[in-house]
Amino acid sequence: MSAVTVIGGKASEDLARKLARKLKANFVSSELRVFPDGESKVTISAKPKGKIIVVNSTYPPVDTNLMQTLSLISKARQFSRQVICAIPYMGYARQDREFLQGEIVTLSVIAKLLSAAGASKIIVVDMHSMLGLKHFTIPIKNVSAVPELANYLKKLRLKNPLVVSPDLGGKERAKEFAKFYGTNYIALQKQRDRKTGKVQIMTANLDGVKGRDLVLVDDMISTGGSIVKATQFLKKQKCGRVYVACTHALLIDNAEKKIKKSGVSAIISANTIPGNTSIVDVSGVIAKAI
Ligand code: R5P
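Quantities reported herein were computed from a predicted structural model and do not represent experimental measurements. (Residues numbered from 1 in each chain as written. Predicted model: local features only at pLDDT ≥ 70, side-chain atom pairs only at ≥ 80, totals over all residues. Heavy atoms only, no water.)

*Asks:* Please set out the packing of aromatic side chains residue by residue, giving values where relevant.
*Replies:* Evaluated as defined, the whole model comprises one aromatic pair. Centroid distance phenylalanine 177 to tyrosine 181: 6.3 Å. Interplanar angle 25°. Geometry classified as stacked. Placement of both phenylalanine 177 and tyrosine 181 in helix H6 (residues 171-181) is noted, with a separation of four residues, approximately one turn of the helix. (Phe/Tyr/Trp six-rings, centres within 6.5 Å; stacked < 30°, edge-to-face > 60°. Helix = DSSP H or I, 4+ residues; strand = E, 2+ residues; numbered from the N terminus.)

This is how it looks when you write it as structure tokens:
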């Protein structure tokens, strides 16, 4: 087999090491220095050989991690024409369309930057929307952490479990999760004020959740507002325990605390964003895509 090198960006070093082990590839780490003015200085620790896979998520600080990813791609391109860039969590993925007149579809700018830096292919995990993939002109593969998350939740032996999406946009994800889990699902109706960001659950009273343990499934948790509102609503319907399964747990500020306070028993997320809740490893699904 020809040589493969995984370059781990600082935002995804642990995941990159796991991926290198799965692929039996060389691993090259990166060193980072952030200057007092905020500029990043990235250095790779060795010469990469063969096909190169750059791994770096672009969670907060989003622009800084994005710049580091672009720098790594650009460096990798000096050594190989084949530079696959795995961005497990793609920041800006929610800016995939012009919601309000005059808004810039920043995801399309990101797509241009990644190709211009030298990426020949992109791999993402649970991209926020399929529309987002359309902004890329180089091949992009979206892989899913949902089967792994469902397998993990299954081990918790919940009581008469029901899968719930906090919004209609996540209905297909909940359906897929429920299929892997082997149970049924529902989707709530959520409304977000595009100017203030405030979330409201619009669903009226629900039959069929009373006494059941629920798994709230979402692609990401940012401020926790969606999960808190959904949990408060579901608790009013006298459900059993509420678990949250999501791919990307950004958990901005005190989101984790707010979510727990609303009555959630546990948050289970993937290691696309490292943190307290990132229990499920996605190196295997990324390796398969390579
Ligand atoms: C929205 O469509 C997404 O799927 C998430 O539900 C949302 O981005 C979560 O954001 P927050 O945690 O701030 O409510």
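*Asks:* Would you mind going over the side chain of serine 226 in detail, with residue names and values included?
*Replies:* Position of serine 226 relative to the elements: it lies in helix H7 (residues 225-236). Excluding residues that lie within four positions of it along the chain, serine 226 makes contacts with Pro166, Lys190, Arg192 and Val199. (Contact = heavy atoms within 4.5 Å.)

*Asks:* Go over the side chain of serine 30 with me, naming the residues and quoting the values.
*Replies:* Following the sequence through the fold, serine 30 ends up in strand S2 (residues 26-34). Classification of serine 30 as buried rests on a relative accessible area of 1%. Of note is the side chain of serine 30, whose polar atom sits 2.8 Å from the backbone oxygen of glycine 8. In this structure, serine 30 is in contact with Gly8, Gly9, Lys10, Glu13, Val42, Thr43, Ile44 and Leu72, ignoring residues within four places of it in sequence. (Buried < 20%, exposed > 50% of the residue type's maximum accessible area, 1.4 Å probe, protein only. Polar contact = N/O pair within 3.5 Å; in protein donor to acceptor, adjacent residues only side chain to side chain.)

*Asks:* Which residues make up the site of the ligand, and what are the values?
*Replies:* The environment of the ligand is made up of 14 residues, and the closest members are Asp218, Asp219, Ser222, Thr223 and Ser226. Between lysine 190 and the ligand, the recorded distance is 3.2 Å, taken from a side-chain N or O atom to an oxygen atom. A distance of 3.1 Å separates an oxygen atom of the ligand from a polar atom in the side chain of arginine 192. Breaking the shell around the ligand down by element, the ones donating at least two residues are strand S10 (190-192), strand S12 (214-221) and H7. Per-element tally for the shell around the ligand: the top contributor is S12, with four residues. For the shell around the ligand, the residue count by class is two nonpolar, six polar and six charged. (Near = heavy atom within 4 Å. Nonpolar A, V, L, I, M, F, W, Y, C, P; charged D, E, K, R; others polar.)

*Asks:* Quick rundown of the sheet that holds strand S7 (residues 140-143)? Include the residues and the values.
*Replies:* Read from one edge of the open sheet, seven strands run S3-S2-S1-S4-S5-S6-S7, paired in mixed fashion. The open sheet has two edge strands with one neighbour each: strand S3 (40-44) and S7. For this sheet, the mean inter-axis angle between neighbouring strands, taken without regard to orientation, is 20°. As defined by bridge partners, strand S4 (residues 51-55) adjoins strand S5 (residues 83-87) across four bridges and the pair is classed as parallel. Residue pairing across strands places valine 55 opposite alanine 86, the latter belonging to S5. Along the sheet, helix H1 (residues 13-23) contacts strand S1 (4-8), S2 and S4; its crossing angle with S2, the most-contacted strand, is approximately 165°. Along the sheet, helix H2 (residues 62-77) contacts S1, S2, S3, S4 and S5; its crossing angle with S3, the most-contacted strand, is approximately 35°. (Pairing = 2+ DSSP bridges. Axes fitted to C-alpha atoms, helices over the stretch in contact; angles between N-to-C directions.)

*Asks:* Report on the environment of glycine 182, specifying residues and quantitative values.
*Replies:* Within the fold, glycine 182 resides in the loop between H6 and strand S9 (185-187). Taking the C-alpha atoms as reference points, glycine 182 and proline 161, separated by 21 residues in sequence, lie 9.5 Å from one another.

*Asks:* Break down H2 for me, citing the residues and quoting the values.
*Replies:* Over its 16 residues, H2 extends 22 Å from the first C-alpha to the last, a length consistent with the 22 Å expected when each residue adds 1.5 Å. Looking at H2, one finds that the buried residues are Asn65, Leu66, Gln68, Thr69, Leu70, Leu72, Ile73 and Ala76. (Expected span 1.5 Å × (residues − 1).)

*Asks:* Any details on the nonpolar core? Residues and values, ideally.
*Replies:* Ranked by size, the top nonpolar core spans 39 residues in total, and within it Val6, Leu19, Ile53, Leu153, Phe177, Val282 and Ile286 carry the most contacts. For this core, the element with the most residues is H1, which contributes five residues. Shared between two domains, this core holds at least three residues of each, these being domain 1 (4-144 + 282-289) and domain 2 (146-271). Contacts of phenylalanine 177, omitting those with residues within four sequence positions, involve Val146, Leu149, Ala150, Leu153, Val163, Val215, Val217 and Ala245. Within the second largest apolar cluster, 27 residues are counted, among which are Val28, Met90, Ala119 and Ile122. (Core = buried A, V, L, I, M, F, W, Y, C linked by side-chain atoms within 4.5 Å. Domains from an automatic or database assignment.)

*Asks:* Explain the environment of threonine 106 residue by residue, including any values.
*Replies:* Structurally, the position occupied by threonine 106 is in helix H3 (residues 106-117). Each C-alpha atom of the pair threonine 106 and tyrosine 92 lies 6.6 Å from the other, and the pair is 14 residues apart in sequence. Look past the residues within four positions of threonine 106 in its chain and what remains in contact with it is Tyr92 and Gln95. At a separation of 2.8 Å, a polar atom in the side chain of threonine 106 contacts the side chain of glutamine 95.

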